[in-house]
Amino acid sequence: MNGQKTLRGTVCAILGGVCWGVSGTVGQYLFTQKGIDSGWLTVVRMLCAGAILLAAAALRYPREVSGIWRDKKAARRLILFALFGLLPCQYAYLEAIRCSNSATATVLQYLGQALVLFWACLKGRRLPCGKEALALVLALGGVFLLSTHGSFTALYLAPGALFWGMMAALALFLYTTLPGKLLETYPAPVCTGYGMLLGGIALCLLLRAWTYEVTPDFVTVLGVAEIVLVGTAAAFTLYLQGVSDLGGVKASLFACSEPVSAALCAGLWLKTRFAVEDIAGMVMIILMAALLALPEKKKEALR
């Protein structure tokens, strides 16, 4: 029975990462081939995925869905999580894809884990241990190769891509640290469902998303549906099952299939070309993520 549970968890965690990676490439296709605005897509993704996740959570956790708002401290934390964690993370990630490609945006976002480590060391007033120091070196080296291809005088990555990639990493750090004990008290689907809805509503009002002129064809609708259903709802459900079966450490390691699948999908489907330096930089950042996943259990988070 334990063997079957381990196998199920492994498959679910890997598939969850693959779903995230493929949906990023679908987003790249919508930006480059269909002219879809990243802000509009972020609003649609957050609102639709939030509604789906919250509806599913209401069936499984009805008391928590209503009870979280009666807990004033939790409610305040949830709003902060939605507005300063999930919202910028979703928007910055899709903007980074628009400015570069799904694989580059994904690995740059993973740098948020290095920021989490830096914050932990700062709070604990300690220096990084051996593995942590190596992870930071890999992170810096990976960004250097991705952005400059090893040159000290030229920038090969578009400035917009580097900026939004760094913003995505910062947002990943924020939505990993902002929930605090919220995710220990209330189920992750409840927090993420509400967070998606609140963040989507706020971004919709901020961008006046209803004024965007979008005339989607069948392929566009299919792509948006994939991002909402497969890249958000299904990916999150699969990943959480992996966490349940394996624990957060192993599940997060297997979820590193996300940048790999994004790179393969972008290369094979959209014919995105990666230089040797790009691949080396991506590998370094993925290794960084794997090293940082080993020491402690990571918080479950929706990309």
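Values in this document were obtained by computation on a predicted structure and should not be read as measured data. (Residues numbered from 1 in each chain as written. Predicted model: local features only at pLDDT ≥ 70, side-chain atom pairs only at ≥ 80, totals over all residues. Heavy atoms only, no water.)

Right, let's talk about the overall build of the protein chain for a bit. Of the regular secondary structure elements, the protein chain holds 14 helices and zero strands. In sequence order, the protein chain lays out its α and β elements as α-α-α-α-α-α-α-α-α-α-α-α-α-α. For 303 residues, the compact-globule estimate of 2.2 N^0.38 gives 19 Å, and the protein chain sits close to it at 19 Å. Each of the 303 residues in the protein chain was classed as buried or not, and the buried ones make up 51%. Expressed as a percentage of contacts within the protein chain between residues at least 6 apart in sequence, the contacts between residues at least 24 apart total 85%. Carbon and sulfur atoms provide 67% of the accessible area of the protein chain, an area that totals close to 14,300 Å². The centroid of the 25 positive side-chain charges in the protein chain is displaced by 9 Å from the centroid of its 15 negative side-chain charges. (Helix = DSSP H or I, 4+ residues; strand = E, 2+ residues; numbered from the N terminus. Rg over C-alpha atoms; globule rule 2.2 N^0.38 Å. Buried < 20%, exposed > 50% of the residue type's maximum accessible area, 1.4 Å probe, protein only. Contact = heavy atoms within 4.5 Å. Areas by Shrake-Rupley, 256 points an atom, 1.4 Å probe, with all protein chains shown as cover. Lys, Arg positive; Asp, Glu negative; His and termini not counted. Charge placed at Lys NZ, Arg CZ, Asp CG, Glu CD.)

Turning to a positive patch on the surface, a few remarks are in order. A grouping of Lys 72, Lys 73, Arg 76, Arg 77 and Lys 181 is seen on the molecular surface, where their side chains present a positively charged patch. Relative to the helices and strands, Arg 76 is located in helix 4 (residues 72-99). (Patch = residues over 30% accessible without salt bridge, like charges linked within 9 Å, V, L, I, M, F, W, Y side chains within 5 Å. Salt bridge = Lys/Arg side-chain N within 4 Å of Asp/Glu carboxyl O.)

Geometrically, a pair of aromatic rings is defined through the distance of the ring centres and the angle of the planes. For the structure shown, the criterion picks out six aromatic pairs. Measuring from ring centre to ring centre gives 6.3 Å for Trp 119 and Phe 173, while their planes differ by 75°; the resulting arrangement is edge-to-face. Of the two residues, Trp 119 is situated in helix 6 (residues 112-124) and Phe 173 in helix 8 (residues 159-177); the sequence distance between them amounts to 54 residues. Accessibility expressed as a relative area gives 38% for Trp 119, which makes it partly exposed. You can call Phe 173 buried: its relative accessible area is 12%. What links up through ring pairs into an aromatic cluster is the set Tyr 91, Phe 163 and Trp 164. (Phe/Tyr/Trp six-rings, centres within 6.5 Å; stacked < 30°, edge-to-face > 60°.)

The next point concerns the state of the cysteines. Think of a disulfide as a covalent bridge from one cysteine sulfur atom to another cysteine sulfur atom. Applying the stated criterion across every chain yields a total of zero disulfides. A disulfide-free cysteine, Cys 129 has its sulfur positioned 7.7 Å from the sulfur of Cys 121, the nearest such atom. No disulfide involves Cys 191; its sulfur sits 16 Å from that of Cys 89, the nearest cysteine. (Disulfide = S-S within 2.5 Å.)

Turning to unusual backbone geometry, a few remarks are in order. Residues apart from glycine generally show negative phi values, whereas peptide bonds are mostly found in trans. In this model, Arg 125 sits at a positive phi of 50°, which is unusual for a non-glycine residue. When you line up the elements, Arg 125 lands in the loop between helix 6 and helix 7 (130-148).

Here we come to the nonpolar core. Among the nonpolar cores identified, the biggest contains 28 residues, and Ile 68, Leu 78, Leu 182, Cys 191 and Tyr 194 are the most heavily contacted of them. For this core, the elements supplying multiple residues, two or more each, are helix 2 (38-60), helix 4, helix 8, helix 9 (182-185) and helix 10 (188-207). Setting aside anything within four residues of it in sequence, one finds Cys 191 in contact with Ile 68, Leu 78, Phe 81, Leu 182, Leu 183 and Tyr 186. Counting residues in hydrophobic clusters, the runner-up holds 26 residues, among them Tyr 110, Ile 286, Met 288 and Ala 289. (Core = buried A, V, L, I, M, F, W, Y, C linked by side-chain atoms within 4.5 Å.)

What follows concerns the side chain of Ser 151. Along the chain, Ser 151 turns up in the loop between helix 7 and helix 8. Not counting residues within four places of it along the chain, the set of residues in contact with Ser 151 comprises Phe 144 and Tyr 156.

Next up on the list: the environment of Gln 241. If you trace the backbone, Gln 241 turns up in helix 11 (residues 218-246). Among the residues examined, Gln 241 registers a relative accessible area of 29% and is labelled partly exposed. Each C-alpha atom of the pair Gln 241 and Ile 79 lies 26 Å from the other, and the pair is 162 residues apart in sequence. With sequence-adjacent residues up to four places away left out, Gln 241 is seen in contact with Arg 8 and Cys 12.

Tallied over the full model, the rule gives four salt bridges. Between Asp 217 and Lys 34 there is a salt bridge whose closest N-O contact spans 2.8 Å. Residue Asp 217 is found in the loop between helix 10 and helix 11, and its partner Lys 34 is found in the loop between helix 1 (2-33) and helix 2; the two are separated by 183 residues along the sequence. Across the pair Glu 95 and Arg 98 runs a salt bridge, and its minimum N-O distance is 2.9 Å. Of the two residues, Glu 95 and Arg 98 both sit in helix 4, three residues apart, roughly one turn of that helix. Here Arg 98 falls in the partly exposed class, since its relative accessible area comes to 41%.

With that settled, consider the environment of Gln 4. Mapped onto the fold, Gln 4 is located in helix 1. As for Gln 4 and Val 26, which are separated by 22 residues in sequence, their C-alpha atoms are 32 Å apart.

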